[in-house]
Amino acid sequence: MKRTTQLFWFPLLLAFYEMAGYLSSDAFLPAMPLISRDLVTSDSMVQLTLTAWFAGGMIFQFLLGPLADRYGRRPVMFVGATFFFLSTFCCAIAPGIGTMIFFRFIQGAAVNSLIVAGYTTIHELYDQKRAARTLAYIASITVLSPALGPLAGSFIMHWLSWRWIFGVLFLWSCIAIPPLYWAMPETLMPEDKKPICWPDVCKSYFSVLRHKGFVLRLLTLNFIFATLIAWIAAGSFLSIDIFHYSTFEYSFMQVAIFGMFIVGNQLASLLLVRYSLQRISDFGLYIVLAGGVLLLLGGIVLSHSLLWCVVVLSVTAFGSGLAWPVLSRLLVEEGDAPMSVKIVMQSVVLGGAGVLGSVMVSVLHGSAITGFVIILFGFCVCAFISNVLVKKIDMVVD
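Since the structure is predicted, the reported quantities are computational estimates derived from the model, not experimental observations.

Draft legend 1. A look at the packing of aromatic side chains. Applying the stated rule across the entire model yields 10 aromatic pairs. When the centroid spacing of 5.6 Å and the interplanar angle of 50° are considered together, the rings of F89 and F170 count as tilted. Of this pair, F89 sits in helix α4 (residues 73–92) while F170 is found in helix α8 (residues 163–183), placing the two residues 81 residues apart along the sequence. Judged by its relative accessible area of 22%, F170 falls in the partly exposed class. Every member of this aromatic cluster is reached through a ring pair, and the members are F85, F89 and F170. Over the aromatic face of Y181 sits the side chain of R74, whose NZ or CZ is 4.4 Å from the ring centroid.

Draft legend 2. Broad picture of empty space enclosed by the protein. One pass over the full model with this rule turns up 2 cavities of 30 Å³ or more. Within this model, the largest cavity holds a volume of roughly 660 Å³. Lining of the largest cavity is provided by 31 residues; of these, E18, Y22, F225, W324 and L350 occupy positions nearest its centre. For the lining of the largest cavity, the elements supplying multiple residues, two or more each, are α1 (2–26), α3 (43–71), α5 (97–125), α6 (128–142), α10 (212–242), α11 (247–271), α13 (307–332) and α14 (339–363). Here the lining of the largest cavity takes 5 residues from α14, the largest share from any one element. Of the residues belonging to the lining of the largest cavity, the class tally is 20 nonpolar, 9 polar and 2 charged.

Draft legend 3. Layout of the layout of surface pockets. Looking at the largest pocket, its volume works out to about 320 Å³. Together, 14 residues line the largest pocket, and L64, V79, G80, F83 and S113 are the ones closest to its centre. Partitioned by chemical class, the residues of the lining of the largest pocket number 12 nonpolar, 2 polar and no charged. The computed volume of the second largest pocket comes to approximately 200 Å³. Elements with a minimum of two residues in the lining of the second largest pocket: α3 and α9 (198–209). Among the residues making up the lining of the second largest pocket, the classes are represented as 7 nonpolar, 1 polar and 4 charged.

Draft legend 4. Focus on α10. Counted at 1.5 Å a residue, the expected span for α10 with its 31 residues is 45 Å, and the 42 Å between its end C-alpha atoms agrees. Its maximal kink placed at A234, α10 deviates by approximately 45°. Buried residues dominate α10, accounting for 26 of its 31 residues. Two residues or fewer past α10, H244 is found with a positive phi of approximately 60°.

Draft legend 5. Highlighting the side chain of R104. Within the element layout of this structure, R104 appears in helix α5. From its side chain, R104 meets the backbone oxygen of T49 in a polar contact 3.5 Å long. Leaving out residues up to four positions away in the same chain, R104 has contacts with S24, S25, F28, T49, L50, A52, W53, C91 and F166.

Draft legend 6. Representation of the pattern of salt bridges. Going through the model one piece at a time under the given rule, you end up with 3 salt bridges. For E334, the salt bridge goes to R217, with nearest N and O atoms at 2.9 Å. Separated by 117 residues along the polypeptide, E334 in the loop between α13 and α14 and R217 in helix α10 bring together distant segments of the chain. Note that E333 and R329 form a salt bridge whose closest N and O atoms lie 3.1 Å from each other. For E333, a relative accessible area of 36% corresponds to the partly exposed category. Of the residues examined, R329 reaches a relative accessible area of 9% and is grouped as buried.

Draft legend 7. Region of the structure containing the nonpolar core. Membership of the largest hydrophobic core comes to 113 residues, with the highest contact counts inside it found for L14, Y17, M77, W162, W231 and F372. In terms of residue count, the dominant contributor to this core is α10 (17 residues). Residues A132, A268, I280 and I287 belong to the second largest nonpolar core, which totals 11 residues.

Draft legend 8. Region of interest: the environment of L271. Residue position: L271 is located in helix α11. Expressed as a C-alpha distance, the spacing of L271 and L306, which sit 35 residues apart in the sequence, is 33 Å. Not counting residues within four places of it along the chain, the set of residues in contact with L271 comprises I280 and L322.

Draft legend 9. Structural context of the packing of α5 against α6. Two elements in contact, α5 and α6, have axes whose closest approach is 9 Å; the angle formed by their N-to-C orientations is 145°. In this structure, the crossing between α5 and α6 has a hand that is right-handed. Contact residues: Y119, I122 and H123 in α5; A131, T134, L135 and I138 in α6. Residues of the contact of α5 with α6, tallied by class, amount to 5 nonpolar, 2 polar and no charged.

Draft legend 10. Here's a closer look at the confidence of the model for the protein. Considering every residue of the protein, the mean pLDDT works out to 81; 91% of them sit at 70 or more. Within the protein, the lowest mean pLDDT, 69, falls on α14, and the highest, 89, falls on α4.

Draft legend 11. Seen up close, the environment of V388. Inspection of the secondary structure assignment puts V388 in helix α15 (residues 368–397). Residue classification places V388 among the partly exposed positions, given a relative accessible area of 29%. Residues V388 and L216 lie 172 residues apart in sequence; the distance between their C-alpha atoms is 9.2 Å.

About the criteria used
Residues numbered from 1 in each chain as written. Predicted model: local features only at pLDDT ≥ 70, side-chain atom pairs only at ≥ 80, totals over all residues. Heavy atoms only, no water. Phe/Tyr/Trp six-rings, centres within 6.5 Å; stacked < 30°, edge-to-face > 60°. Helix = DSSP H or I, 4+ residues; strand = E, 2+ residues; numbered from the N terminus. Buried < 20%, exposed > 50% of the residue type's maximum accessible area, 1.4 Å probe, protein only. Lys NZ or Arg CZ within 6 Å of the ring centre and 35° of its normal. 1 Å grid on protein atoms, 1.4 Å probe; cavity = no way out; pocket = protein on both sides within 12 Å on 5 of 7 lines; lining within 4 Å. Points joined across faces, edges and corners; volume = space filled by probe spheres on them. Nonpolar A, V, L, I, M, F, W, Y, C, P; charged D, E, K, R; others polar. Expected span 1.5 Å × (residues − 1). Bend = angle between axes of the 7 residues up to and from the residue. Polar contact = N/O pair within 3.5 Å; in protein donor to acceptor, adjacent residues only side chain to side chain. Contact = heavy atoms within 4.5 Å. Salt bridge = Lys/Arg side-chain N within 4 Å of Asp/Glu carboxyl O. Core = buried A, V, L, I, M, F, W, Y, C linked by side-chain atoms within 4.5 Å. Axes fitted to C-alpha atoms, helices over the stretch in contact; angles between N-to-C directions. Left-handed = near helix turned anticlockwise from the far one by under 90°. pLDDT = per-residue confidence, 0-100.

Below, the structure written as structure tokens:
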């Protein structure tokens, strides 16, 4: 009975905690211009707090996988949770940009512990289609963070200060962690726990990188994610500083873009009844490619307007949402490496995509919307090409 109850509540509570983690990135986006003035620093330095968040997660992933295989999924999850709410509190009281960047780095590392431990548990608990459906509704919940996070951040700043954005997230994590501790099952049996042998760990990581199907699916997810991150990194500065929209208007742009990602997630869940995972992925990536082309053409013709970019990016986000949950499942079915190793590599590369997207936007910040749409077009095309190549490999294998 308890096992059945855990299977029901665990994905929901994981998504609830994961939202707090992602809100630590998204809710403060409308505050970035204000933070640069309050901490007496440049816009590019404030953008580095986002880069540090992704870099922290990317660097520590390689340790989390082996630790999860040695001590279990639950210990990794809840030690990381402890670091998350402590670093969140420190961000709330940071006296300067250097301190903020440091604790954002720690915060990013802590958030990714839930990805390694939590998503490994999801894939080990459920079969292919149930796992894909579970990932679809988890993504639909967690994507509320970039959709509604800026709106929530704007509301908090209207009544309080930007520091209370982190204060609210600190309280959120304190509420989310205890029920998750109760609901999360341990999928690593005692007899499967083994001492960490770092040469073997390195071999496991290199083995998945030698698997062409795994690498290409990972690149597809990477470029889809980088497209969304590029908007997250640049959206507030483009909307507020360059096109002079209010923080609330910018927040509604976020709702439009990530709301369409949720619609794509839910449609993918429904299509799983009739279609294969690969077919759903293909359909989503055709939409992503079309969105990329329209973004580039609009950048040439309508460079004076941001609204067209938001509309087309919403369509692109719909295609991304359609492909995301099925690609995530197809990825972990490639190769014979341990599940935790695959999840770590996925998280590391997605963290790298976050760093890539935010750094490229920061470098091309002065070119405004033209440079931005060129970046988005490149990411969309690369995602589509990676998917085409992995299908050719599968045809050769069959």
